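Structural characterization, general
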Amino acid sequence: SPAMSDSETLDQAALLAAIPLPWQTSQWQRLLKQYHKEQLAHAYLFSGASGTGKTLLAQRFADLLLCVAPEKDQPCGHCKHCQAGGKSGHPDILQLAPEEGSRDIKVEQIRAITDFTSRTSFAGNLVNAAHRMNISASNALLKTLEEPGKKTYLILISDLPGYLSATIRSRCQRVQFAAPGLRESEAWLQTQITADVD
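Residues numbered from 1 in each chain as written. Predicted model: local features only at pLDDT ≥ 70, side-chain atom pairs only at ≥ 80, totals over all residues. Heavy atoms only, no water.

In this model, helix 5 (residues 107-118) (12 residues) spans 17 Å end to end at C-alpha, consistent with the 16 Å of a helix rising 1.5 Å per residue. If you follow the buried residues of helix 5, they end up packed against strand 2 (93-96), strand 3 (123-128), helix 6 (135-146) and strand 4 (152-158). (Helix = DSSP H or I, 4+ residues; strand = E, 2+ residues; numbered from the N terminus. Expected span 1.5 Å × (residues − 1). Contact = heavy atoms within 4.5 Å.)

Overall, the coordinates contain four aromatic pairs when judged by the stated rule. Note on W23 and W188: the rings are 5.4 Å apart at their centroids and 80° apart in plane angle, and the pair reads as edge-to-face. In this pair, W23 sits in the loop between helix 1 (12-18) and helix 2 (25-36) while W188 sits in helix 8 (residues 182-192), placing the two residues 165 residues apart along the sequence. Relative accessible area serves as the criterion here: at 8%, W188 is assigned to the buried category. Considering the side-chain rings of Y44 and F46, the 6.4 Å spacing of their centres and the 70° angle between planes classify their relative orientation as edge-to-face. Side by side, Y44 and F46 carry an identical accessibility label, which is buried. Taken together, Y44, F46 and F177 form an aromatic cluster joined through their ring pairs. (Phe/Tyr/Trp six-rings, centres within 6.5 Å; stacked < 30°, edge-to-face > 60°. Buried < 20%, exposed > 50% of the residue type's maximum accessible area, 1.4 Å probe, protein only.)

In this section: the state of the cysteines. With the rule as written, the count across this model stands at zero disulfides. No disulfide involves C67; its nearest neighbouring cysteine sulfur is the one of C76, lying 3.6 Å away. C79 takes part in no disulfide bond, and the closest cysteine sulfur to it belongs to C82, at a distance of 3.7 Å. The exposure class of C79 is buried, given its relative accessible area of 10%. (Disulfide = S-S within 2.5 Å.)

Limitation: the analysis is restricted to geometry and does not speak to function.
So, in structure tokens, the structure goes:
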């Protein structure tokens, strides 16, 4: 596939700095428009083809929301919130995915979102592979979606959004991602690799 897997990156930090990728421009502009108008949804569903960088865009957008001095619609990289992120991520952003050795996102993980949001003035929650929530986890997430906290944002990321319950999907604003074309992928890759790479 010309698109890279979300987990197989050339350089995670360099890719985050390059967000939006050329095939994510319309999605990024849509989010920025809502951000500038202060009309952000409390929950988003980033869905579409695997390997399109949905998770990277979600991480970059969460970083932008936390930044106190954005520059040209990007996190500044210098303020206390940008510096707090580091390699382990910002303490006000909770990322969930199936635990190692498990196929599903479990109810205990989703309940951690409620606890997490009660302990911070800003909470960004990224749920990767959201379609892997078991039934109990889905039900627990509905409670969070129905009673969102102030300055709390939830981004569900899924390659298979049809596996999510219709109720969850209806409570999220959908942001669709498509795989880039071959020429677009090749042009972008040429800017990322050096001549000595096979």
